[in-house]
Amino acid sequence: MARLFSWLTAFVISMILMAGLGVYWQSHSNVEKAQQAAATAIAKSAATSVSIKIDLFNKTLDKMAQDPEVLTAITIANPAMLATVASTLEKHLPGILKIRLLLPGVNDVDDKNLPPMGFADLDMVRETFTKNQPPAIQGEKQDRHLAIARQITQNNQPVGVILASLDYQFIDSSLATAATSDTYLELDQEKSVLASAGKKGDPDQLESNQVNVAGTNWTLHYQSKASASIIDFSMFANILIPALFASLSFFVGYRKLVDILSQDLNTLIKAFKDMITGTLQGNYAFQLSELSAVMSSLLQFKRVIDKGDYETISSEHEDFGANLDTNIIVSDDEDFSLDSFFDDDSDFKL
């Protein structure tokens, strides 16, 4: 019987674990998808925030490029007047470091003013005479700045370029505001990292998840942090607790059944001894209905023997097993002995 309960317990626990792990896997998969969707939404929000800021700078510089004073300075082409007008424009643009008004054919870098206009800025200006270029982070270390160049047009013809050098710390602020403890954001310009926020994880996941920043050549890479959480712990608890309760219930049930069966067998053996010795005493209470049926059949068999009706005995003997509701089989490996029921009965002799 212990073996039967062991197999039954193992089977039930296995089913609970299989069902629980299936639910856990599905829930964990859904959580990962939700985290990935949240990280994507956060990255798009951060990219949009940066893009809106860049677009605002572009529109502001476009309006400056159409200012009558700017057009007059470009037409006159006086360096002092160009510098004066540029200084006036700097007062109207937040985060500005330097504004330069440049004429066609410019070939010289400017390292006398901060931030300096290097060769990368110069190339941007030259290309802008043909077409407005996307903004870029230029310079080295302390001289790094956000460079934005816009055409100055007259009669739909480019007559100059307005080059703005701006502080790009707003990019760090945008990423830091958008990022969460489970999300990492990294803004790249080609192979250069412009800004980042959060704790970096698997590089492969970072490379596969990216959002382009509109109006720029920048790419915002992102990743979600996949780690154990309180949700994982609660899911495991929901699996293990039912398994433990199932084990406990089977153990308690086994012990209770053993006690009931032991008491009923004691009662049955006592009734059988009384039957043989002719000292039957009233009713014998059984907790298991199957053993009550056995006892009823034994009493019926006893009455037939007492009447001496051997034909009835034979008939009753043949039907004895059929009158029982169940067959009781005791295997050879069960430790069961009846000696204790006869040792204390000195009056009983075979």
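For the structure, see preceding data.
Residues numbered from 1 in each chain as written. Predicted model: local features only at pLDDT ≥ 70, side-chain atom pairs only at ≥ 80, totals over all residues. Heavy atoms only, no water.

J.: So what exactly am I meant to see when it comes to a nonpolar patch on the surface here?
T.: A surface patch of nonpolar side chains, amounting to about 520 Å² of accessible area, comprises Ile241, Phe245, Leu248, Phe251 and Val252. Within the element layout of this structure, Phe251 appears in helix α7 (residues 230-277). (Patch = residues over 30% accessible without salt bridge, like charges linked within 9 Å, V, L, I, M, F, W, Y side chains within 5 Å. Areas by Shrake-Rupley, 256 points an atom, 1.4 Å probe, with all protein chains shown as cover. Salt bridge = Lys/Arg side-chain N within 4 Å of Asp/Glu carboxyl O. Helix = DSSP H or I, 4+ residues; strand = E, 2+ residues; numbered from the N terminus.)

J.: I keep staring at the sheet that holds strand β1 (residues 96-102) and nothing clicks. Help me out?
T.: For sheets, the rule is that strands pair by backbone hydrogen bonds, running either parallel or antiparallel. Taken together, four strands build an open sheet; the order of strands is β1-β4-β3-β2 and the sheet is antiparallel. Lying at the two open borders of the sheet, with one neighbouring strand each, are β1 and β2 (136-138). On average, each strand axis in the sheet is inclined to that of its neighbour by 35°, with strand direction left out of account. Bridge analysis of β2 against strand β3 (residues 145-154) gives three bridges, and the strand direction is antiparallel. (Pairing = 2+ DSSP bridges. Axes fitted to C-alpha atoms, helices over the stretch in contact; angles between N-to-C directions.)

J.: Help me out: how do you make sense of the sheet that holds strand β8 (residues 218-224) in this one?
T.: Here we have four strands laid out as an open sheet, ordered β6-β5-β8-β7, and antiparallel in their pairing. For this open sheet the edge positions go to β6 (192-197) and β7 (210-212), each flanked by a neighbour on one side alone. Going from strand to strand, the sheet's axes swing by 25° on average, the running direction of each strand aside. Across the face of the sheet, helix α5 (residues 169-178) comes into contact with β5 (183-189), β6 and β8 while running at roughly 40° to β6. (Contact = heavy atoms within 4.5 Å.)

J.: Quick question: what am I supposed to make of unusual backbone geometry here?
T.: The phi torsion of most residues other than glycine is negative, and most of the peptide bonds are trans. Looking along the chain, the bond that leaves Leu114 and enters Pro115 is cis, with omega of -10°. Here Pro115 lies in the loop between β1 and α4 (119-128). Of note, Ala77 is a non-glycine position whose phi angle comes to about 65°, a positive value. Checked against the element boundaries, Ala77 lands in the loop between α2 (68-76) and α3 (79-90). In this model, Asn156 sits at a positive phi of 65°, which is unusual for a non-glycine residue. Here Asn156 is to be found in the loop between β3 and β4 (157-166). On the accessibility criterion, Asn156 (73% relative accessible area) is exposed. (Buried < 20%, exposed > 50% of the residue type's maximum accessible area, 1.4 Å probe, protein only.)

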